[in-house]
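# Understanding the architecture of this molecule
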Amino acid sequence: FSGDKLIYSLGSLFVLGFCILFIGSFFSSLLQRVFFTLSGLYLLVMLMTSIHENSKLSFFVFIIGIATHFAYGLGWLRGIFSSAEQSELVKRRSR
């Protein structure tokens, strides 16, 4: 692991932060405000970056962009926590 590869962990930090804040928002009004504020900002940025002339295309870019962020974060976490045996099996199959 090196510092220049830290950018690759941002997706997993996003997913972990989202899950922790989502669960914590049921128990704390402060965490609830933080969760809704950060979620609103994220959705606003995603909406602004997905706007196209075609509204149908904009909708799909918005939804797929969010799904991609979650899939990347969950996949990265799965890869970190997978066993060495699975990693070796993947290496063999990808040849």
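Figured I'd write up the structure that's included with this text. Here the structure is a predicted model, which means the values were calculated and not measured. (Residues numbered from 1 in each chain as written. Predicted model: local features only at pLDDT ≥ 70, side-chain atom pairs only at ≥ 80, totals over all residues. Heavy atoms only, no water.)

### A short note on the packing of helix α1 (residues 10-24) against helix α3 (residues 55-81)
The geometry of α1 relative to α3 is characterised by a closest axis approach of 7 Å and an angle of 100° between their N-to-C directions. By the criterion of interaxial angle, the relationship of α1 to α3 is roughly perpendicular. Taking contact as the criterion, the partners of G11, S12, F14, V15, L16 and F18 in α1 are, on α3, H69, F70, Y72, G73, L74, W76 and L77. In terms of residue class, the contact of α1 with α3 is built from nine nonpolar, four polar and no charged. (Axes fitted to C-alpha atoms, helices over the stretch in contact; angles between N-to-C directions. Helix = DSSP H or I, 4+ residues; strand = E, 2+ residues; numbered from the N terminus. Parallel < 35°, antiparallel > 145°, perpendicular 65-115°, else oblique. Contact = heavy atoms within 4.5 Å. Nonpolar A, V, L, I, M, F, W, Y, C, P; charged D, E, K, R; others polar.)

### Here's the deal with the packing of helix α2 (residues 29-49) against α3
A pair of packed helices is captured by two measures, namely the crossing angle of their axes and the spacing between those axes. Two elements in contact, α2 and α3, have axes whose closest approach is 9 Å; the angle formed by their N-to-C orientations is 130°. Judged on the interaxial angle alone, α3 and α2 are oblique. With respect to the hand of their crossing, α2 and α3 are arranged in right-handed fashion. Where α2 abuts α3, its residues Y42, L43, M46 and L47 lie against F62, G65, I66 and H69. (Left-handed = near helix turned anticlockwise from the far one by under 90°.)

### Some words on the packing of aromatic side chains
One pass over the full model with this rule turns up 10 aromatic pairs. Where F18 meets F22, the ring centres are 6.4 Å apart and the plane angle is 5°; that geometry is what we call stacked. Taken together, the residues span about one helical turn, with F18 and F22 both in helix α1 at a distance of four residues. Members of the aromatic cluster, connected to one another through ring pairs, are F14, F18, F22, F26, F35, F36, Y42 and F70. (Phe/Tyr/Trp six-rings, centres within 6.5 Å; stacked < 30°, edge-to-face > 60°.)

Just geometry here; none of it tells us what the structure is for.
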